Amino acid sequence: MPQFGASAQLDVGELARFASTAEQLGADSLWVGDRLLAAVNPTVGYVGQDTIPEQFRTNLDPFIALTVAATATTTAQLGCSVFVAPWYPPVQLARQLTSIDVISGGRLLPGFGIGWSPEEYQSAGAPFRRRGAQLDELLDALVALWTANPVRHEGARWSVPESWVDLKPVQRPHPPVYLGAFTPAGLKRIGERADGWMAGVNVPSGVSLDMLNWQRQTIDDAARAAGRDPSAIHAYVRVNVAEGSPVDKVADAVQVLADNGYPDTFVDLMYVATGTDAHLEWVERLLTR
């Protein structure tokens, strides 16, 4: 979705026009990301750099963007790559996600992660340390809020007194939980408890199948150790497109992924398209390929 940078400065109706047109062109899913702000002097930069992309200075709220997409479409899955889970109290997060799933008729694909920016955590009032443990607790609370009634949760960070929560997701027992991870601990968590994995590749630097397959093997090993069926853990691969990349390079990467066991991909156009029309031109050309 045109959510970041200059593309986020949309006229009324443009986000809905993008979503509905992309679906009509054949897009099976529409995706958002989750950023709060861009620190002027970050202690941790983006993907190993010392800075944060200028595009992250302007961002539309992902929950609102997904809600607009839900009301403008009828079939496309609605995903996030990824909600930075520890920023959000579980009761409010569950209410927002449940509402989107209900409004969309059960099309929500929520992805969760732990983020990388200490400044964003500070601004959200969340502790940066023990982010993995916070993610685990939040997922426990979300599943309880989605499946139990009355619901109760007692954890290290959050406490939910026994309460009635009648609004439940359309998808049962709950929307599929996808997790984004690259480290051994994060990949192990996917194998142990997630419904899906959010992987990632970069264009034009190429698709590293060896890296993807190592990550997948780590997930599968953890799933078997937990008594789970690895084949039940679905994968979406995010294709991050660098500035100046041609459509054909992206299409080639998608084809390589599909030919090697990763048929479901979505493409981040943040660096190559500005405005609704430019985004839709990319959508049409890529889907035609």
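In this text, all values refer to a predicted model and were calculated from it rather than measured experimentally.

**Focus on the packing of helix H8 (residues 247-259) against helix H9 (residues 276-288)**
The N-to-C vectors of H8 and H9 enclose an angle of 50°; their axes lie 10 Å apart at closest approach. Relative to H9, the element H8 is oriented oblique. The interaxial crossing formed by H8 with H9 has right-handed handedness. For the pair H8 and H9, contact is made by Val 247, Val 250 and Ala 251 and by Trp 282, Arg 285 and Leu 286, respectively. Of the residues belonging to the contact of H8 with H9, the class tally is 5 nonpolar, no polar and 1 charged.

**Examining the packing of aromatic side chains**
Within the structure shown, the criterion is met by 14 aromatic pairs. Pairing Phe 83 with Phe 112 gives two aromatic rings, centres 6.1 Å apart and planes at 40°, and the pair type is tilted. Of this pair, Phe 83 sits in strand E2 (residues 77-84) while Phe 112 sits in strand E3 (residues 108-113); the two residues are 29 residues apart in sequence, bridging distant segments of the chain. Residue class for Phe 112 comes out buried when judged on its relative accessible area of 0%. Judged by centre distance (6.4 Å) and plane angle (75°), the rings of Trp 197 and Tyr 262 are edge-to-face. Taken together, the residues Trp 197 in strand E7 (residues 196-203) and Tyr 262 in the loop between H8 and strand E9 (265-268) connect sequence positions 65 residues apart. Across the pair, exposure class does not vary: Trp 197 and Tyr 262 are buried alike.

**Observations concerning helix H1 (residues 14-25)**
Count 3.6 residues to each turn of an α-helix, and residues three or four apart come out pointing the same way. Helix length check: H1, at 12 residues, gives a terminal C-alpha distance of 16 Å against a target of 16 Å (1.5 Å per residue), a fit within 8%. Looking at H1, one finds that the buried residues are Glu 14, Leu 15, Phe 18, Ala 19, Ser 20, Ala 22 and Glu 23. Here the buried face of H1 lies against strand E1 (29-32), helix H2 (62-72) and H9. Where H1 ends, the next residue or the one after it, Gly 26, has phi of about 120°, a positive value.

**A few points about a nonpolar patch on the surface**
There is a patch of nonpolar side chains on the surface, built from Val 102, Leu 167 and Val 170 and spanning about 230 Å² of accessible area. Mapped onto the secondary structure, Val 102 falls in helix H3 (residues 90-104).

**A few points about the environment of Leu 25**
Inspection of the secondary structure puts Leu 25 in helix H1. Under the relative-accessibility criterion, Leu 25 is labelled partly exposed at 32%. Sequence-wise, Leu 25 and Leu 280 are 255 residues apart; in three dimensions their C-alpha atoms are separated by 9.0 Å. Beyond its immediate sequence surroundings of up to four residues, Leu 25 is in contact with Leu 280, Val 283, Glu 284 and Leu 287.

**Considerations on the pattern of salt bridges**
This model, assessed by the stated rule, comprises 13 salt bridges. Here Asp 136 ties to Arg 189 by a salt bridge, and the two come within 2.9 Å at their closest N and O atoms. Placement of Asp 136 in helix H5 (residues 131-147) and of Arg 189 in helix H6 (residues 184-193) is noted, with a sequence separation of 53 residues between them. The exposure class assigned to Asp 136 is partly exposed, which follows from its relative accessible area of 24%. The class of Arg 189 is buried, set by a relative accessible area of 15%. Overlapping salt bridges, with partners in common, bring together Asp 136, Asp 140, Arg 189 and Arg 193 in one network.

Basis of the calculations
Residues numbered from 1 in each chain as written. Predicted model: local features only at pLDDT ≥ 70, side-chain atom pairs only at ≥ 80, totals over all residues. Heavy atoms only, no water. Axes fitted to C-alpha atoms, helices over the stretch in contact; angles between N-to-C directions. Helix = DSSP H or I, 4+ residues; strand = E, 2+ residues; numbered from the N terminus. Parallel < 35°, antiparallel > 145°, perpendicular 65-115°, else oblique. Left-handed = near helix turned anticlockwise from the far one by under 90°. Contact = heavy atoms within 4.5 Å. Nonpolar A, V, L, I, M, F, W, Y, C, P; charged D, E, K, R; others polar. Phe/Tyr/Trp six-rings, centres within 6.5 Å; stacked < 30°, edge-to-face > 60°. Buried < 20%, exposed > 50% of the residue type's maximum accessible area, 1.4 Å probe, protein only. Expected span 1.5 Å × (residues − 1). Patch = residues over 30% accessible without salt bridge, like charges linked within 9 Å, V, L, I, M, F, W, Y side chains within 5 Å. Areas by Shrake-Rupley, 256 points an atom, 1.4 Å probe, with all protein chains shown as cover. Salt bridge = Lys/Arg side-chain N within 4 Å of Asp/Glu carboxyl O.

Don't take any of this as a statement about function, it's just geometry.
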